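Results of the structural survey
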Amino acid sequence: MALKTFVKISNISNLSDARYCAGMMVDVLGFNIDPTSDSQVSEEDFKEITEWVAGVKFAGEFHGADLNQIKESVKKYPVDYVEIHSLDLVEQVHLLGKPIIFRLSIEDENELSKLKSNLSYLDELVKMVVVQSSNSTLTDQIDSQIGYYNGNLKLLKGYGIAEDKNMGNYPGLALEATEEDRPGYKDYGQIMDVLELIEED
């Protein structure tokens, strides 16, 4: 059974999530491998989890790391993609040779006004952009601007999914995993709801 659309799941930290998502034919599993983060997945845990799943790509997610820290982490973790948040790092990380996923946050009108120009800048440098926002008042405006995008980026919708599960003009979705209640016990919540909704009949 396959999914109707491209899906990336971020913040994978346990085998339960990884095996469930891989079994549902998710495309990319993201792991926090940022050495500046308290929630960094260790090399041992990453190896243990990824050895149990097949058919998916792995992304190393960074939040506050600088270029050297990213470079060193990519040497230790065999990831297929590097995910970053900082526009200042894009060109330097691009030179590392790993495809980039960029997480673009839009929380106010100022960031919204830069959406078109930011996507234009990223177009030749990254493979995918996760568009995220916690400001529900901007949802319709973001959807509208995305509707006019005609570049090369694969855009993943990372906002408003729990409310309407509406894909809009996006070719993919970005969801976030949560912690296990205890080893082997997990409520997949929103991830299960959305993946079952977009599962092929």
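Every value quoted in this text rests on a predicted model; they were computed, and no experiment measured them. (Residues numbered from 1 in each chain as written. Predicted model: local features only at pLDDT ≥ 70, side-chain atom pairs only at ≥ 80, totals over all residues. Heavy atoms only, no water.)

1. Thoughts on the nonpolar core
Residues Ile9, Leu29, Ile84, Val129, Ile142 and Leu195 are the most contacted members of the largest nonpolar core, which totals 58 residues. Looking at this core element by element, the count peaks at 4 residues for helix α1 (residues 15-23). Excluding its chain neighbours within four sequence positions, the residues that come into contact with Ile9 are Cys21, Val26, Val28, Leu29, Gly30, Leu175, Ala177 and Ile191. Residues Met128, Val130, Leu156 and Ala174 belong to the second largest nonpolar core, which totals 9 residues. (Core = buried A, V, L, I, M, F, W, Y, C linked by side-chain atoms within 4.5 Å. Buried < 20%, exposed > 50% of the residue type's maximum accessible area, 1.4 Å probe, protein only. Helix = DSSP H or I, 4+ residues; strand = E, 2+ residues; numbered from the N terminus. Contact = heavy atoms within 4.5 Å.)

2. Some thoughts on the pairing of strand β3 (residues 57-61)
Burial of β3 is extensive: 4 of the 5 residues sit out of reach of the surface. Across 5 bridges, strand β2 (residues 28-32) lies against β3 in parallel orientation. Pairing of Phe31 across the sheet is with Gly60, part of β3. Between the parallel pair β2 and β3, the chain is carried across by helix α2 (residues 43-50), and the sense of this crossover is right-handed. (Pairing = 2+ DSSP bridges. Right-handed = clockwise from strand over helix to strand, strands pointing away.)

3. Considerations on the sheet that holds strand β7 (residues 154-157)
Overall, parallel pairing links the 8 strands, which are arranged β1-β2-β3-β4-β5-β6-β7-β8 in a closed barrel. Each neighbouring strand pair of the sheet contributes to a mean axis angle of 25°, computed without reference to strand direction. As judged from the 4 bridges shared by strand β6 (residues 128-132) and β7, these two strands associate in the parallel manner. Each residue of the ladder has a partner; that of Val129, found in β7, is Leu155. (Axes fitted to C-alpha atoms, helices over the stretch in contact; angles between N-to-C directions.)

4. Some words on the pattern of salt bridges
As a working rule, side chains carrying opposite charge can pair if their charged atoms are close by. Considering all chains together, one arrives at 6 salt bridges under this definition. The partner of Glu83 in a salt bridge is Lys8, with the nearest N and O atoms 2.9 Å apart. Taken as a pair, Glu83 in strand β4 (residues 81-84) and Lys8 in strand β1 (residues 6-10) lie far apart in primary sequence, 75 residues in all. Accessibility expressed as a relative area gives 1% for Glu83, which makes it buried. (Salt bridge = Lys/Arg side-chain N within 4 Å of Asp/Glu carboxyl O.)

5. Looking at the packing of helix α6 (residues 115-122) against helix α7 (residues 139-147)
A packed helix pair is summarised by two numbers, namely the angle formed by the two axes and the spacing between the axes. Contact geometry of α6 with α7 gives a least axis separation of 10 Å together with a crossing angle of 45°. Looking at the two axes, α6 sits oblique to α7. The handedness of the crossing between α6 and α7 is right-handed. For the pair α6 and α7, contact is made by Leu115, Lys116 and Leu119 and by Ile142, Gln145 and Ile146, respectively. The residue makeup of the contact of α6 with α7, split by class, is 4 nonpolar, 1 polar and 1 charged. (Parallel < 35°, antiparallel > 145°, perpendicular 65-115°, else oblique. Left-handed = near helix turned anticlockwise from the far one by under 90°. Nonpolar A, V, L, I, M, F, W, Y, C, P; charged D, E, K, R; others polar.)

6. What about unusual backbone geometry?
Its identity is not glycine, yet Asn11 carries a phi of approximately 65°, on the positive side. Summarising the element assignment, Asn11 is placed in the loop between β1 and α1. Judged by its relative accessible area of 22%, Asn11 is partly exposed. In this structure, Met25 takes a positive phi of about 70° despite not being glycine. Positionally, Met25 belongs in the loop between α1 and β2.

7. Points about helix α3 (residues 67-76)
Inspection of α3 places Leu67, Ile70, Ser73 and Val74 among the buried residues, and these make up the whole buried set. Along the axis of α3, the buried residues cluster in a sector spanning 130°; they form a single face. Facing away from the buried surface of α3 by more than 90 degrees, the exposed residues are Asn68 and Lys75. Tucked into the core, α3 has its buried residues touching β4 and α4 (90-94). (Arc of directions from axis to C-beta.)

Function cannot be inferred from these measures alone, as they are strictly geometric.
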